[in-house]
Amino acid sequence: MSRRKFQGFISVVFIVAALLSFGAAGIVAQDDITVAVVTPYLAQPGTQFMVEAFQAAGEANGWTVNVIDTAGDVAAAVSRLEDVAAQGVDAIVINVDPAQVSVGLEAAAAAGIPVFGMDAGADANLVTNVTSNGYAMAAETATYVTDRLNGVGRIVMFTFDPYPPVQKRGIIADAIFANSPDIEIIDRVTPDVTDGGIADSRARMEAILAANPEAGSISAVWAAWDQPALGALQAIEAAGREGEGIVIVGIDANPQALDAIAAGNGFEASVAQDFTGIGGTVADAVARHLAGEIIGQGVIYVPTVLVTAANVAEFISE
Amino acid sequence: MNTTPSIPHPARQIGRILRRFGTLIGFFAIVLFFWSQRPDTFMTVRNWLNITQQISILGVVAFTMTVVMVMGDYDLSVGAMASLGGIAAALLFQQEMPVLTGIAVALLIGVAGGLLNGVLVSLVGITPFVATLGMLTVFSGVAFFISEGETIFGRAIPEQFSDFARGGIPLGTIGEQAVLLPNLTIVALLVLLAVWVLLEQTTFGRRLYAIGGNKEAARLGGVRLRLLRLIAFAVTGVGAAVAGLMLVSRLASANPTQGDGLMLDAIAAVFLGMTMSEEGEPHVLGTLVGVLILGVLRNGLTQLAIDSYVQQILTGAIIILAVTLSRLIRRAS
């Protein structure tokens, strides 16, 4: 083939390929209700459950649900919010901190498009945010510990006050333990979380075990999330003190915690967020808003579930 | 390359136009396609201003990346430098330092990091790939270290700074809303102009192209290879830091990874732009077209509600297609 023929051919191929690649776009319906879901976090299992539940409920309502994942890139999430605002979708659902995407939320507001939070954080630019109640989750595990100890015992707490959603959990546990005069907090630890939270918590717990050598001198470990609880469990096992009946509880019900609860060697309880319920509740809020109802609640809480040996099997099978 | 015969041959001229402007024609084809599919929302002033704002940050990184790529070098550390520059400024804001101090420190970090890359490449003689890959890891580690891995947001970022990304020069009103030429777009245009002048209108730029053409010949011809490479890497470094500051302003927050994604897109944009040069050299206006293609694809595909993973596949395939074709053309000629 001569050079110029080849060049002409190449250019045509490029254009045709560009056009063909978009052929699929023609089939997207334009008339029905379209809802865009924007998240950088679709790779997280919790987000996947929420989005799938939202899609199922949305499709049952006859909506076109367009899920946009920016693979961890928050700046791209802002851009995609601007794009769907320009596109004129009927509603937008976000699963990202609203404070970080406020430029995109303003674009949606300027276009008159309602935005809903799916475990996103409360924000004046959202119609509402659907999430789990951090206070309630902490109350579940703190009362579990108090009841297990019959109101008497020495407790190690693992908290993390620099992060507001976890700080909330800590103050509730503080209040519940303070309400039982015979419960003593022997340490309130803020672990270093840069290693994921397990390793440093284990080291801190080993030091506490060394400082409290008598059997029965530690009654329980209350952790504001699962990783420190898992670290404490490892420390207790490494010290050979798993026979003392130290009660360990976490929050979040991550897969490792569920395994530990099922194994039944001290890690007794955690709290599972109902991600499927959150996704469905967001769809419900969108439907209510589109039907003209005014949603007064800036935050809608979906109940969480206490996971213990009694019900752990159903969470592991999920 | 200049084989134009004395008697113009229409077919040959068309071939030449296509060779030179095939990518640009492809870009317009993409625009026309989106326009036909979304006639009411794609080809609007507001959406185009929106696109220019979305690509402004990538643009700044890609334009300054062009400077090192002219010499045949790369800088893989630009994304990490954007993260580092941004988080350094945000940490100073958190300490209630003046906004200008934060900006100045971020820019200095950009220059210093770029010079460090330049020293490794030019004086120590490590290949740019290895040197800047190593520095990528270092910059990223420093960003994590100084921020302790945390995101800085909320009141820590002064409103004066985050309002910059929301503001712009008023162009008029459409309907009831004011239309602004976004400040971030203006920054990107200024950087574009500066890089264009530097590369196309100065002796410095011509020497960089000479190095890119043939390092040994350039050196024998009296070009101060080492110094020029040092300066070029410093320019790329400071561009990355500017982009990091723009990101902090746009997101009103900073975290130690938020610029990391810019590097691959910037290199892709420069490669797309290189397909528009007869010699296969990077030129900053070509890079602009590359950045526009990436930005328009993302905006248009999102408006068409194409699955985000399919979008990624399409974008990657189009980049590879364009660059492969351009390479085949040059091989054929």
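Predicted model only: the values in this text are computed from it and were never measured.

Caption draft 1: A look at the overall build of chain B. Assigned secondary structure in chain B consists of 13 helices and four strands. Relative to the compact-globule value of 20 Å for 333 residues, chain B shows a C-alpha radius of gyration of 21 Å, a close match. Taken along its principal axes, the extent of the C-alpha atoms in chain B is 70 × 60 × 35 Å. Counting over 333 residues, chain B shows a buried share of 53%. Long-range contacts, defined as pairs at least 24 residues apart, comprise 74% of the intrachain contacts of chain B with a sequence gap of at least 6. Counting every atom, chain B has about 14,400 Å² of accessible surface; 66% of that belongs to carbon and sulfur. Distance between charge centroids for chain B: 13 Å, based on 20 positive and 17 negative side chains.

Caption draft 2: Layout of the nonpolar core. Ranked by size, the top nonpolar core spans 116 residues in total, and within it I92(A), I94(A), V101(A), F34(B) and L208(B) carry the most contacts. The biggest single contributor to this core is helix α2 (residues 45–70) of chain B, with 13 residues. Sequence-distant contacts of V101(A), that is, excluding residues within four places in its chain, are made with V74(A), A77(A), V78(A), L81(A), I94(A) and V96(A). Core analysis: the next-biggest nonpolar cluster, separate from the first, contains 28 residues, V189(A), I208(A), L209(A) and V221(A) among them.

Caption draft 3: Region of interest: the pattern of salt bridges. Scanning the entire structure with this criterion turns up 17 salt bridges over all chains. With a closest N to O distance of 2.9 Å, R229(B) and D73(B) form a salt bridge. With a gap of 156 residues between them, R229(B) in helix α10 (residues 225–251) and D73(B) in the loop between α2 and α3 (78–94) connect regions that are remote in the sequence. The exposure class assigned to R229(B) is buried, which follows from its relative accessible area of 11%. Overall, D73(B) belongs to the buried group, its relative accessible area being 2%. D163(B) is paired through a salt bridge with R166(B); the nearest N and O atoms lie 3.9 Å apart. Taken together, the positions of D163(B) and R166(B), both in helix α6 (residues 159–166) and three residues apart, correspond to about one turn of that helix. Classification of D163(B) by relative accessible area gives partly exposed; the value is 38%. One salt-bridge network, held together by shared partners, links E106(A), D163(B) and R166(B).

Caption draft 4: Structural detail: helix α8 (residues 203–213) of chain B. All names here are of chain B. Taken together, the buried positions of α8 are occupied by F204, G205, L208, Y209 and I211. One side of α8 carries all its buried residues, which in axial view fall inside an arc of 155°. Exposed residues on α8 whose side chains face more than 90 degrees from its buried face are R206 and G213. At its buried positions, α8 is contacted by α2, α7 (183–200), α9 (215–220) and α10.

Reading guide: rules and limits
- For every chain, the first residue of the written sequence is number 1, and numbering continues from 1 onward in sequence order.
- Both sets of labels track the order of writing: A upward for chains, 1 upward for ligands.
- Residues qualify for local features only when their pLDDT is at least 70, as the model is predicted, and side-chain atom pairs are given and counted only at 80 or more; totals for whole chains, interfaces and linings, by contrast, use all residues.
- The basis for every side-chain value is the complete set of non-hydrogen atoms in the structure, without hydrogens or water.
- Every helix listed is a DSSP run of H or I at least four residues long, and every strand listed is a run of E at least two residues long, numbered separately from the N terminus.
- Taken over C-alpha atoms, the radius of gyration is set against a globule rule of 2.2 Å times the number of residues to the power 0.38.
- In this scheme, a residue with accessible area under 20% of its type's maximum is buried, one over 50% is exposed, and one in between is partly exposed, where area comes from a 1.4 Å probe on protein chains only.
- We call two residues in contact when some of their heavy atoms are within 4.5 Å.
- Per-residue accessibility takes into account occlusion by the displayed protein chains alone, with areas from the Shrake-Rupley method and a 1.4 Å probe.
- Positive charges come from Lys and Arg, negative ones from Asp and Glu, while His and the chain ends are left out of the count.
- Note on charges: their place is set at NZ of Lys, CZ of Arg, CG of Asp or CD of Glu.
- Buried Ala, Val, Leu, Ile, Met, Phe, Trp, Tyr and Cys residues that are joined via side-chain atoms within 4.5 Å together make up what is termed a nonpolar core.
- In what follows, salt bridge is the name for a side-chain nitrogen of Lys or Arg lying within 4 Å of a carboxyl oxygen of Asp or Glu.
- The directions from the helix axis to the C-beta atoms are what the arc is built from.

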